[in-house]
Amino acid sequence: MRRSDRLIGMTHYILEHPLELISLPFFSSRYNAAKSSISEDLAIINRMFKKEGIGYVESVPGAAGGIRYLPQYDEDQSLEFVNSLAKRLEDPERILPGGYLFMSDILGEPITVRQLGRLFATAFAPLNIDVVMTVATKGIPLAYAVASFLNVPVVIVRRDPKVTEGSTVSINYVSGSSRKIQTMVLTKRSLKQGATVCIIDDFMKAGGTIDGMKSLLKEFDATVAAIGVLAEAEDEEDERIITDYTSLLQISNVDEKNKHIEVKKGNFFTTD
């Protein structure tokens, strides 16, 4: 096999298996090449990943070592992407009653959602996440995008139990914005005890839904290692019950009457 052909095959495999430890003998056997040639190939791939701003290939030493791909988004590209997204969302026609924002079209764009997923993965990849959790709303595509880059499954919390999902765990929680008591349900089989979880949501006001998911996870002895939200409402900061989170966008000064809204980058770009 020519090196050019091998490089394409190896690059494709690495991109399809982010954060997965891959041994050099695996590539040697798969492409019938010497380990020295594979090592040279990986150096080329790593250099191009960094140049393209999509991450890097990490070497893991030891008998059980190998390499793994850590997805990252170049900071300049990230900022450019989020600023362009903020500009799109500042369209006053997107304002919905209650200070919400219409984002369904954006969350329905595969390329956009994939870029959003890569951004969150850039922040959360070092945290050894076991599963991505979201509630059954418009945030589901975003959760799957994040999970694809972290190479972990998705768990969906629902408002009511489904007969097809077997036994469940349910809790009551108080919605942060409406202050109403609501219920959320999670199938027992969907999450292992003691899992490390990343919570993803499309929009956060006071954070009641996310706080409810955190309470639900206590029933599984799970650890919440990260919380990612696409957009947060700055006007709700004083009443917010969730403080440790990563946001890509911040929405403020929503004026339904005068059709005015401001959208700027979130704390993703200010968190150390």
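One can find the structure itself at the top, above this paragraph.
Let me sum up the structure you'll find in this document. (Residues numbered from 1 in each chain as written. Predicted model: local features only at pLDDT ≥ 70, side-chain atom pairs only at ≥ 80, totals over all residues. Heavy atoms only, no water.)

1. A word on the side chain of Thr122
Here's step 1: Counting through the fold element by element, Thr122 comes out in helix α5 (residues 110–124).
Here's step 2: Of note is the side chain of Thr122, whose polar atom sits 2.9 Å from the backbone nitrogen of Tyr73.
Here's step 3: Polar side-chain contacts of Thr122 include one of 2.8 Å to the backbone oxygen of Arg118.
Here's step 4: Ignoring anything within four residues of it in the chain, the contact list for Thr122 reads Pro71, Gln72 and Tyr73. (Helix = DSSP H or I, 4+ residues; strand = E, 2+ residues; numbered from the N terminus. Polar contact = N/O pair within 3.5 Å; in protein donor to acceptor, adjacent residues only side chain to side chain. Contact = heavy atoms within 4.5 Å.)

2. Description of the packing of helix α2 (residues 24–31) against helix α3 (residues 35–52)
Here's step 1: Orientation of α2 relative to α3, taken along the N-to-C sense of each, is 105 degrees, at an axis distance of 9 Å. The orientation of α2 relative to α3 falls into the category roughly perpendicular. Along the contact surface, α2 presents Leu24, Pro25, Phe27 and Ser28, while α3 presents Lys35, Ile38, Ser39 and Leu42.
Here's step 2: In the contact of α2 with α3, the residues fall into 5 nonpolar, 2 polar and 1 charged. (Axes fitted to C-alpha atoms, helices over the stretch in contact; angles between N-to-C directions. Parallel < 35°, antiparallel > 145°, perpendicular 65-115°, else oblique. Nonpolar A, V, L, I, M, F, W, Y, C, P; charged D, E, K, R; others polar.)

3. Notes on the environment of Ile44
Here's step 1: Assignment of secondary structure puts Ile44 in helix α3.
Here's step 2: C-alpha of Ile44 to C-alpha of Thr11: the two residues are 33 residues apart in sequence and 10.0 Å apart in space.
Here's step 3: With residues near it in sequence (within four places) discarded, Ile44 still touches Arg3 and Leu7.

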